[in-house]
Amino acid sequence: MQGDQALVLGGGGVAGIAWITGLLTGLAVAGQDVTGADVIIGTSAGATVAAQVGSDLSLDELFARQTQPALQSREIPVELDLDKLAADWAEVMTGVTSPQDTLGRVGAYALAAETVPEAERRAVIESRLPSQAWPSRRVQLVAVDAETGVPCVFDSQSGAELVDAVAASCAVPGIWPPVTIGGRRYIDGGVRSSHNADLAEGSGRIVIISPLGYDSPIPSPMPLRQVVGQLRDRGSEVIVMVPDPASAAAIGANPLDPATRVPAAEAGLAQGRGGLVDAG
């Protein structure tokens, strides 16, 4: 595995989808296309982009789907305060005894929350994907079982439909409904980690693209900085890209706001044109 390359795409809402898409497009313009990695690991927003990149569309075409209104997916506007959401999750996690207990608590919170109907949310996810078929390349999408707190990695061999796997990975607790797959309910893989980069262990080169950066307000049992340190200690070359100031401003305080898509994609494109720059 040490010769393999992994691309890890983290969470960050519709703004994160747009920014990652712009960044990947800019990197390709700079001659550093990273989408040919041996495995793409996607979580939440990153799951959407992983599925999109695995379609037959080019990066330029995917970028256009973020920036041209006629091509944009239908989204459900949400008023989101990341700090408040983080505080709600932190309260739910008070007194937890293990990482799995943490995920189980958040799962219970998600199952009890009032949200839009599951079918309505699924239609949104379906509109994001150029293809409903699993990519021929190796793609892993991360979610968490809402009842047991056990992480689940969906891929082409898991038996889940691509739309459902992406929807599960994007099911932000308290915001979107848990997703039903095979009689189980699943929530956003970001409750385990905004990136789940540990799944890339053993790859020789790992590129992590993180819309929320090292200092995400969302509490996690697996902080990115800690995981990156472990991967490097085990011999992997790891490059982490986070939003530069212009991109962070474009993503803004509410990454679930559809209005962020154009500015976030354009900021990502500009940043990507500067090439792969490790955030340290």
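Everything below is about the structure printed above this text.
Rules used in this analysis
- The numbering scheme is per chain: residues are counted from 1 as the chain's sequence reads.
- Reporting of local features is limited, given that this is a predicted model, to residues whose pLDDT is at least 70; pairs of side-chain atoms are given and counted only at 80 or more, and all residues count toward the totals for whole chains, interfaces and linings.
- Hydrogen atoms and water are omitted, and side-chain values are computed over all heavy atoms in the structure.
- Burial classes follow relative accessibility: with a 1.4 Å probe on protein chains only, a residue under 20% of its type's maximum area counts as buried, one over 50% as exposed, and anything between as partly exposed.
- Put simply, DSSP marks the helices as runs of H or I at least four residues long and the strands as runs of E at least two long, and each gets a number from the N terminus on.
- Here, the arc refers to the directions that run from the helix axis to the C-beta atoms.
- Contacts between residues were defined by any pair of non-hydrogen atoms, one from each residue, lying within 4.5 Å.
- Under the rule applied, a polar contact is a pair of N or O atoms within 3.5 Å (in protein, one hydrogen donor and one hydrogen acceptor; residues adjacent in sequence only if both atoms are side-chain atoms).
- For Phe, Tyr and Trp, where Trp contributes only its six-membered ring, two rings pair if their centres lie within 6.5 Å, and the inter-plane angle classes them as stacked under 30 degrees, edge-to-face over 60, or tilted in between.
- Two conditions define a charge sitting above a ring: the NZ of Lys or the CZ of Arg must be within 6 Å of the ring centre, and it must be within 35 degrees of the ring normal.

Asker: Looking at this model, I keep getting lost on helix α8 (residues 224-233). Mind explaining?
Answerer: At 3.6 residues per turn, the α-helix brings residues three or four places apart onto the same side. Regarding α8, the residues found buried are L224, V227, V228 and L231. Each buried residue of α8 lies within a common arc of 100° when the element is viewed along its axis, so the set occupies one face. At its buried positions, α8 is contacted by β7 (205-209) and β8 (237-241). One or two residues past the end of α8 sits G235, with phi positive at roughly 105°.

Asker: Explanation requested: unusual backbone geometry in the structure shown.
Answerer: The phi dihedral of S44 falls on the positive side, at around 55°, and the residue is not glycine. Judged by its relative accessible area of 8%, S44 falls in the buried class. Even without a glycine there, the phi angle at N196 is positive, about 55°. Tracing the sequence through the fold places N196 in the loop between β6 (184-188) and β7.

Asker: Can you walk me through the side chain of R261 in this structure?
Answerer: Structurally, R261 can be placed in helix α10 (residues 261-272). Engagement of the side chain of R261 in a polar contact is seen with the backbone oxygen of S73, the distance being 3.0 Å. Aside from chain neighbours lying at most four places away, what touches R261 is V14, A18, Q66, Q72, S73 and E75.

Asker: Explain the packing of aromatic side chains to me, please; I cannot follow it from the model alone.
Answerer: Remark: the centre distance and the inter-plane angle together describe each pair of aromatic rings, the angle taken between the planes. The full count for this structure, using the stated rule, is one aromatic pair. Measuring from ring centre to ring centre gives 5.2 Å for F154 and Y186, while their planes differ by 80°; the resulting arrangement is edge-to-face. Placement of the pair is F154 in strand β4 (residues 151-154) and Y186 in strand β6, with a sequence separation of 32 residues. Given the relative accessible area of 10%, Y186 is considered buried. Between the NZ or CZ atom of R121 and the centre of the ring of W176, over which it lies, the distance is 4.1 Å. Its end group placed over the ring of Y214, R225 keeps NZ or CZ at 4.0 Å from the ring centre.

Purely spatial values, then, with no claim about function.
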